[in-house]
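In case you want the letters, here they are:
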There are 2 protein chains.
Amino acid sequence: MAKAMTLLWGAGSPPCWRVMIALEEKNLQGYNQKLLSFDKMEHKSKEVLDINPRGQLPTFKHGNTIVNDSYAVCFYLESQFKSQGNKLIPDSQEEQALMYQRMFEGLTFYDKLNAVIYYDWFVPEGERHESALNRNKEALTTELKLWEGYLQKVCEGTHTQTHTHTETQADIACFGLFKLLSAKRYPELGEYYNLLKDRPSVKASWPPHWLENPEGQDTLKDI
Amino acid sequence: MAKAMTLLWGAGSPPCWRVMIALEEKNLQGYNQKLLSFDKMEHKSKEVLDINPRGQLPTFKHGNTIVNDSYAVCFYLESQFKSQGNKLIPDSQEEQALMYQRMFEGLTFYDKLNAVIYYDWFVPEGERHESALNRNKEALTTELKLWEGYLQKVCEGTHTQTHTHTETQADIACFGLFKLLSAKRYPELGEYYNLLKDRPSVKASWPPHWLENPEGQDTLKDI
């Protein structure tokens, strides 16, 4: 089945990594893949635009079926390959609720992370304000403290554990984000990251870009 | 079952409306609900913060289970009440893929809409730039043209129809957004909106705020 799948991806992109982890978790190794370069603007190439009008990576095709958004791919793979590989959505009501909630909070987390990392990329020079970047940093710090609290509750057992024995959609959604942060200042995030980083699905899909920069993003050094 | 559910919501919020439409579609009428005022900052009240540390609406509780993100609630309700009310996730591979894809593209659409509607709210006075607002408007226009194209393909039958006979998660996710736009300039969006607006679930949950402003948001008048 994986042979009918094609993934166009870019290194250093948490959404691309999400899809690659999900493919590994669902035992869909052997899919066609092509690493494209964001620096060379290959995500805006005809090859991508023919499948993905947004010109973004990941771009994913299964037979004639196109799914490009990384969350959409994760849901699609779980729906189509429910009984193959690892189950990514837990059964119990409480675990499901928590999994969905954290998965979507992951998008907020990602937005806040990008608003700091890519501030200079998003905002043209003449429109930049130190005060805006500082506000973005504060918002990210608040967000990280929230996640530290969530994970502390998980460790204390007051919340259902969703990440120790099985990988869920929420773990897949968030893992690449925690990778970027300081484990010193956010010990719970660091512990969670360490729990997941040795999973076969994560190791098998580790993006080369991040092998070269093991210490994380410079722009996050004061977060 | 609905009696064990509580929804705290605010009028004029597409995420709140999403949850209310989903509850109707799943035949979960009779849930406890409380309309809170954003203007009075009631979304930052203790009542909300006790359930939702982000101090946002919707805030949703089912028994002791908390799910607050609107997309998370939609997935949770469909998972927990699969065979009750209307099925919100289609069966076929092609329809599922399209539904997930559009549902998550809906978040991008919503971000671009908010970047125009709430520009003055998000950006403090001293940091505002006409050029930034214009760029946000252009990005929104590009986004809307993309959706016009998607919906045209649906009408021409080159894509699977996902919205005429059944309401899906994607329709629920996006409906409240289309409500805000000009049907004159975006006829496909207008037609799609008209297809959905008379559904019992939509009529039953119509937010009072939008009854008072039937012509849409002023800030979008030149979009």
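Here the structure is a predicted model, which means the values were calculated and not measured. (Residues numbered from 1 in each chain as written. Chains lettered and ligands numbered in written order. Predicted model: local features only at pLDDT ≥ 70, side-chain atom pairs only at ≥ 80, totals over all residues. Heavy atoms only, no water.)

A look at the interface of chain A and chain B
Where we set the bar: The criterion used for residue contact is that any of the two residues' heavy atoms lie within 4.5 Å. In this description, buried area is defined as the sum, over both parts, of the accessible area (probe of 1.4 Å) that is lost when the two are combined. We count a salt bridge whenever a side-chain nitrogen from Lys or Arg sits within 4 Å of a carboxyl oxygen from Asp or Glu. Secondary structure elements are defined from DSSP: runs of H or I of at least 4 residues count as helices, runs of E of at least 2 residues count as strands, and each element is numbered from the N terminus. Residue classes follow a fixed rule: Ala, Val, Leu, Ile, Met, Phe, Trp, Tyr, Cys and Pro count as nonpolar, while Asp, Glu, Lys and Arg count as charged, and any other residue, Gly among them, counts as polar.
On the side of chain B, 37 residues touch chain A, which itself brings 37 residues to the contact. At the boundary of chain A with chain B, total buried surface from both sides reaches about 3000 Å², with 49% on carbon and sulfur atoms. One can count 6 salt bridges joining chain A with chain B. With its nearest N and O atoms 2.8 Å apart, the salt bridge here joins Glu105 of chain B to Arg54 of chain A. Secondary structure elements with two or more residues in the side of chain A that touches chain B: strand 4 (65-66), helix 3 (70-80), helix 4 (93-117) and helix 6 (130-156) of chain A. Here the side of chain A that touches chain B gets 11 residues from one element, more than from any other, and that element is helix 4 of chain A. Along the lines of polarity and charge, the residues of the side of chain A that touches chain B split into 16 nonpolar, 13 polar and 8 charged.

Let's talk about the relation of the copies chain A and chain B
Just so we agree on the cut-off: Copies are brought into register by a least-squares superposition over C-alpha atoms of residues with pLDDT of at least 70 in both.
Superposing chain A onto chain B takes a rotation of 180° plus a shift of 0.0 Å along the axis, which leaves an RMSD of 0.0 Å. The relationship between the two copies is best expressed as a two-fold rotation axis. Rotation axis and chain A: the residue whose C-alpha lies nearest the axis is Glu127 of chain A, separated from it by 3.8 Å. Most of the interface of chain A is mirrored in chain B, where 100% of its interface residues again form contacts.

A look at the packing of aromatic side chains
Residues and elements named next belong to chain A. For clarity, the threshold we go by: Any pair of Phe, Tyr and Trp rings, taking the six-membered ring for Trp, is counted once the centres come within 6.5 Å. Such a pair is stacked with planes under 30 degrees apart, edge-to-face with planes over 60 apart, and tilted for the rest. Think of it in three bands: residues with accessible area under 20% of the maximum for their type are buried, residues over 50% are exposed, and the middle band is partly exposed, with areas taken using a 1.4 Å probe on protein chains only. Definition used: whenever NZ (Lys) or CZ (Arg) falls within 6 Å of the ring centre and also within 35 degrees of the ring normal, the charge is taken to sit over that ring.
Counted by the stated rule, this structure contains 28 aromatic pairs over all chains. Between Phe175 and Trp206, the aromatic rings sit 6.3 Å apart at their centres with planes inclined by 75°, giving edge-to-face as the arrangement. A residue pair is termed long-range when its members are at least 10 positions apart, and Phe175 in helix 7 (residues 169-178) and Trp206 in the loop between helix 9 (200-204) and helix 10 (208-212) qualify at 31 residues. According to the relative accessible area criterion, Phe175 is buried, its value standing at 0%. Stacked on the ring of Tyr110, the Lys or Arg Arg18 has its end atom at 5.3 Å from the ring centre.

Comments concerning the sheet that holds strand 1 (residues 5-10) of chain B
Residue and element names in this part refer to chain B. Operational definition: Whether two strands pair depends on DSSP finding at least two bridges between them. To get an axis, fit a line to the C-alpha atoms, keeping to the stretch in contact for a helix; angles then go from 0 to 180 degrees between the N-to-C directions.
Within the open sheet, the 4 strands sit side by side as 2-1-3-4. Their pairing is mixed. Each edge of the open sheet carries a strand with a single partner, namely strand 2 (32-36) and strand 4 (65-66). Of the strand pairs in this sheet, strand 3 (residues 59-62) and strand 4 are connected by 2 bridges, and their pairing is antiparallel. Residue pairing for strand 4: His62 is matched across the bridge by Thr65. Sheet strands in contact with helix 3 (residues 70-80) are strand 1, strand 3 and strand 4, and its direction is about 20° off that of strand 3.

Observations concerning the packing of helix 7 (residues 169-178) of chain B against helix 8 (residues 187-197) of chain B
Residue and element names in this part refer to chain B. Let me state the cut-off plainly: With the far helix as reference, a near helix turned anticlockwise by less than a right angle produces a left-handed crossing, and one turned clockwise produces a right-handed crossing.
Across the interface, helix 7 lies against helix 8 with an axial gap of 10 Å and an inter-helix angle of 115°. For the pair helix 7 and helix 8, the sense of crossing is left-handed. Within the contact between the two elements, helix 7 uses Ala170, Asp171, Cys174, Phe175 and Phe178 and helix 8 uses Leu189, Tyr192, Tyr193, Leu196 and Lys197.

Comments concerning the pattern of salt bridges
Think of it this way: side chains of opposite charge can pair up when their charged atoms draw near. Tallied over the full model, the rule gives 26 salt bridges over all chains. With its nearest N and O atoms 3.6 Å apart, the salt bridge here joins Asp120 of chain A to Arg128 of chain A. Residue Asp120 of chain A is classed as partly exposed on the basis of its relative accessible area of 48%. On the accessibility criterion, Arg128 of chain A (32% relative accessible area) is partly exposed. Lys26 of chain B is the salt-bridge partner of Glu78 of chain B, the closest N and O atoms lying 2.8 Å from each other. Here Glu78 of chain B, found in helix 3, pairs with Lys26 of chain B, found in the loop between helix 1 (14-25) and strand 2; they are 52 residues apart in sequence, far enough to count as distant. Accessibility classification places Glu78 of chain B together with Lys26 of chain B in one group, the buried group.

Quick word on unusual backbone geometry
Residues and elements named next belong to chain A. Cis geometry marks the peptide bond from Leu57 to Pro58; its omega dihedral reads 5°. Mapping Pro58 onto the fold places it in the loop between helix 2 (46-49) and strand 3 (59-62). Located in the positive-phi region is Met41, a residue other than glycine, with phi close to 60°. Among the secondary structure elements, Met41 is positioned in the loop between strand 2 (32-36) and helix 2.

Function cannot be inferred from these measures alone, as they are strictly geometric.
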